[in-house]
Amino acid sequence: MKNLIILGAGTGGTMVANRAARELPQGWAVTVIDPAETHLYQPGLLFLPFGARDEAKDQRPRRATLSPRVSWLQDEVRLVDTAARRIDLANGSPLHYDLLVIATGSHIHPEETEGMAGPGWGETIHDFYTLEGALRLRSALEKFRGGRVVIDVVEMPIKCPVAPMEFLFLADEYFLRRGLRKDVELVYATPLDGAFTKPTCSRQLSYLLERKEIRLETLFNAASVDGEARVLRSWDDREIPYDLLVSIPTHRGAAFLGASGLGNELDFVPTERHTLRAKKHEDLFVLGDATDLPSSKAGSVAHFQSEVLVANLLRTIRGESLEEGFDGHANCFIESGFGKALLIDFNYDVEPLPGHFPIPGIGPLTLLGESRFNHWGKLAFRPIYWNALLPGRPLPVSTRMSMRGKRTLKTLQTAA
Amino acid sequence: MTTLIYEGHKVDVNPEGFLLDTAQWSPAVAEAIAEEVGITPLTERHWKVITFCREDAAREGQSPGLRRIAKLSGVDMKELYQLFPKGPGKLAARIAGLPKPTSCV
């Protein structure tokens, strides 16, 4: 029996495991290793701080998300020995693999920023990238009566790069509904040179920040937090005082990847951008947030990657050359508040453009523009995630990005 | 696309001033871009960063992020901000003739 081992059963690892269990030839066993009892629907975290009580719907027992043909080992990886094709575990005996998939994601590390995890952490300094963090922030916001709320991205890359902006848009609505908006100042501090860095997005979406009166602090690279004085400081000595700091801390890949010599400076794995094979190892593939690729760290990306990755596992088994099938495709909803959302669809080479999706000229979804239907689409996605995406059933969205229904820069300029 | 002439060298740049073809880069081009963004003169410490960025990009196929530069170039974060004020990652990439390190939207 040959072994396909998948490290991590988040969005990417679960999809690969379920597809591989169906598609791999006889004689292959599929095993996933993940220490967590439950699978968390991470897009749900955004809504919890603003009063959603969806935490039960956002979690499912891990076993229920995996095909009966997939073995799940509830353990923690300590080290991967790529020369010996061996995985050392925290509790169980070492495992041998013939093919390995790394899908261990990315996690926040507030301790990477001086003072952030110190006094005030969990009281006036929060995150919403973990379940505990999002729930703590919900309680903090319930008690908040006014002052300056600062949302700070410490450094790139982060999961779901649009989530900080969505958080701001939803915070604007949340405080308005509570009659507190005039007493709350919303500040967005980002290390990038704008809230939106791609030209068309910037032109089409900057009005949102103005309309919602969100103050923007660009090229702000957080160096330290003084939790006692409640001040955020940058490397070039700028200061932003806050009453409530919502941080998007440094993201890192799994620590065992660094220890195994597989990770870069943030423990993300150097990966070939079109085939998803690890750059230095022929029997090792990587997907989702665990890669060092410039594609977004987002569930839709892991979904498109999973199709390419499983095809390339099969090609490797048959001794064929790999398919360069991944084009960086991402497809993401952006909540803009008051029951509306935007949809963006892009890849490595093509920036998000306006138009309709998936049917040209009709939609029903609107690209790069606000609509109610987009918001319903975002809400409808949770059952789709559990019932179609994770089991690896086909969805009506193609792996490669399509230009159909999109208006290019040229047509936009002609129209203007 | 715009074509600029730096010190007699023809260079194609995008609207933000980043070189489109890193092969058109030369130390003279670096000096000229640096002057344009108000960094003069380029000291030996600046060059340490620029050289690291070019070598790393050639190896890895993408512009190094700021943390990578701070960790591996031998110049720490505090000094990077003194050498390349405001946006060291972006400025170092531009002066080194590399694409802008970027995000999704």
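All residue numbers here refer to positions counted from 1 along the written sequence of the relevant chain. All chains are assigned letters beginning at A, and all ligands numbers beginning at 1, according to the order in which they are written. In keeping with the predicted nature of the model, local features appear solely for residues at pLDDT of at least 70, side-chain atom pairs appear and are counted solely at 80 or more, and the whole-chain, interface and lining totals rest on all residues.

Caption draft 1: Representation of the overall build of chain B in the model. Strands are runs of DSSP state E lasting at least two residues, helices are runs of H or I lasting at least four, and both sets are numbered from the N terminus onward. The number of helices and strands found in chain B is 5 helices and 2 strands. Listed by position from the N terminus, the elements making up chain B come as β-β-α-α-α-α-α. At 13 Å, chain B has a C-alpha radius of gyration in line with the 13 Å of a compact globule built from 105 residues. On the principal axes, the C-alpha backbone points of chain B span a range of 35 × 35 × 25 Å. Using C-beta atoms placed from the backbone, we call a residue buried if 20 or more other C-beta atoms fall within 10 Å of its own, exposed if 12 or fewer do, and partly exposed for counts in between. Buried residues in chain B amount to 38% of all 105 residues. In chain B, 44% of the contacts between residues at least 6 apart in sequence involve partners at least 24 apart. The quantity called the radius of gyration is restricted to C-alpha atoms. Its globule counterpart is 2.2 Å times the number of residues to the power 0.38. Contacts here follow a simple rule: the backbone-placed C-beta atoms of the two residues must lie within 7 Å.

Caption draft 2: Molecular detail of the packing of helix α1 (residues 11-23) of chain A against helix α7 (residues 299-318) of chain A. Residue and element names in this part refer to chain A. Running from N to C, α1 and α7 point in directions that differ by 35 degrees, and their axes come no closer than 9 Å. Between α1 and α7 the crossing geometry is right-handed. Judged by residue contacts, T11, G12, M15, V16, R19, A20 and E23 of α1 engage G299, A302, H303, Q305, S306, L309, V310, L313 and L314 from α7. Each residue is assigned to one of three groups, with Ala, Val, Leu, Ile, Met, Phe, Trp, Tyr, Cys and Pro labelled nonpolar, Asp, Glu, Lys and Arg labelled charged, and all others, Gly among them, labelled polar. Partitioned by chemical class, the residues of the contact of α1 with α7 number 8 nonpolar, 6 polar and 2 charged. Lines fitted to C-alpha atoms define the axes here, with helix axes fitted over just the stretch in contact, and angles between the N-to-C directions of these axes take values from 0 to 180 degrees. A clockwise turn of the near helix away from the far one marks a right-handed crossing, whereas an anticlockwise turn of less than a right angle marks a left-handed crossing.

Caption draft 3: Highlighting helix α1 (residues 27-36) of chain B. Residue and element names in this part refer to chain B. V29, A30 and I33 are the residues of α1 that are buried. When α1 is viewed along its axis, its buried side chains cluster within an angular range of 100 degrees and face the same direction. Projecting away from the buried face of α1 at angles above 90 degrees are the exposed residues P27 and A28. Close packing links the buried residues of α1 with β1 (2-6), β2 (9-13), α2 (44-60) and α5 (88-95). Immediately downstream of α1, the backbone of G38 shows phi near 85 degrees, a positive value. To obtain the arc, one takes the directions from the helix axis to the C-beta atoms.

Caption draft 4: Quick look at the environment of S247 of chain A. Residue and element names in this part refer to chain A. Considering the arrangement of structural elements, one finds S247 in strand β18 (residues 244-248). Taking the C-alpha atoms as reference points, S247 and V153, 94 residues apart in sequence, are found 6.2 Å from one another. Setting aside its immediate chain neighbours within four residues, S247 contacts P110, M116, I125, H126, D127, D152 and V154.

Caption draft 5: Spotlight on the interface of chain A and chain B. Each partner contributes residues to the interface: chain A has 21 residues there, and chain B has 18 residues. Class assignment of the residues belonging to the side of chain A that touches chain B gives a composition of 13 nonpolar, 3 polar and 5 charged.

Caption draft 6: Broad picture of α7 of chain A. For a helix, the expected span equals 1.5 Å multiplied by the number of residues minus one. Between the first and last C-alpha of α7 of chain A there are 29 Å, a value that for 20 residues agrees with the 28 Å anticipated at 1.5 Å per step. Looking one or two places after α7 of chain A, you find G319 of chain A, whose phi comes out positive at around 75 degrees.

Caption draft 7: View of the domain arrangement of chain A. All names here are of chain A. Domain assignment breaks chain A into domain 1 (2-42 + 59-106 + 253-318), domain 2 (109-251) and domain 3 (330-415). Each domain's extent was defined by an automatic or database domain assignment. Here the C-alpha centre of domain 3 lies 27 Å away from the C-alpha centre of domain 1. Taken together, the contacts link 17 residues of domain 1 with 12 residues of domain 3. With 6 residues, α7 is the largest single contributor of residues to the side of domain 1 that touches domain 3. Across the side of domain 1 that touches domain 3, the residue classes break down as 7 nonpolar, 7 polar and 3 charged.

Caption draft 8: Main features of the nonpolar core. Ranked by internal contacts, the top residues of the largest apolar core, which has 115 residues, are V16 and A17 of chain A. For A17 of chain A, the contacting residues outside a window of four places in its chain are I6, A9, V30, V32, L66 and V70 of chain A. The term nonpolar core refers to a set of buried Ala, Val, Leu, Ile, Met, Phe, Trp, Tyr and Cys residues connected through C-beta atoms within 7 Å. One finds Y6, V49, C53 and A70 of chain B within the second-largest nonpolar core, a separate group that totals 24 residues.

Caption draft 9: Quick peek at the confidence of the model for chain B. Per-residue confidence for chain B gives a mean pLDDT of 89; residues scoring 70 or more make up 95%. Across the whole predicted complex the pTM is 0.91, and at the interface the ipTM reaches 0.75. By definition, pLDDT measures how confident the predictor is in each residue, and it falls between 0 and 100.

Caption draft 10: Quick look at the sheet that holds strand β17 (residues 239-241) of chain A. Residue and element names in this part refer to chain A. An order of β15-β16-β17 is seen for the 3 strands of this open sheet, with the pairing classed as antiparallel. Two strands lie at the open edges of the sheet, namely β15 (222-226) and β17, each paired on one side alone. Each adjacent strand pair in this sheet contributes to an overall mean axis angle of 20 degrees, direction not counted. Pairing between two strands requires that DSSP report at least two bridges joining them. Where strand β16 (residues 231-234) meets β17, 3 bridges bridge the pair, whose relative direction is antiparallel. Bridging from a neighbouring strand, R233 pairs with E239 of β17.

Caption draft 11: Up close: unusual backbone geometry. All names here are of chain A. A cis amide bond links F357 with the next residue in sequence, P358, at an omega value of -5 degrees. Take P358: it is sitting in strand β23 (residues 355-359). The residue D237 is not glycine, and still its phi comes out positive at about 65 degrees. Along the chain, the position of D237 falls in the loop between β16 and β17.

Caption draft 12: Fine view of the packing of α2 of chain B against α5 of chain B. Residue and element names in this part refer to chain B. Between α2 and α5, whose axes approach to 9 Å, the crossing angle comes to 75 degrees. On the basis of their axis angle, the class for α2 and α5 is roughly perpendicular. Mapping the contact onto sequence places V49, I50 and C53 in α2 and A92, A93 and I95 in α5. The residue inventory of the contact of α2 with α5, partitioned by class, reads 6 nonpolar, no polar and no charged. We call two directions roughly parallel when the angle between them is under 35 degrees, roughly antiparallel when it is over 145, roughly perpendicular when it lies between 65 and 115, and oblique otherwise.

Caption draft 13: Broad picture of the environment of L80 of chain B. Residue and element names in this part refer to chain B. Tracing the sequence through the fold places L80 in helix α4 (residues 77-83). The exposure class of L80 is buried, given the 23 C-beta atoms found within 10 Å. Taking the C-alpha atoms as reference points, L80 and A92, 12 residues apart in sequence, are found 9.2 Å from one another. Here L80 is in contact with V49, I69, A70, V75 and P88, once residues within four sequence places are set aside.

Caption draft 14: Highlighting the sheet that holds strand β8 (residues 95-96) of chain A. Residues and elements named next belong to chain A. Spatially, the 3 strands line up as an open sheet ordered β6-β7-β8, and their pairing is antiparallel. The open sheet has two free edges, formed respectively by β6 (77-81) and β8, since each of these has just one partner strand. Note: strand β7 (residues 86-89) against β8, 2 bridges, orientation antiparallel. Bridged to I87 within β8 is L95.

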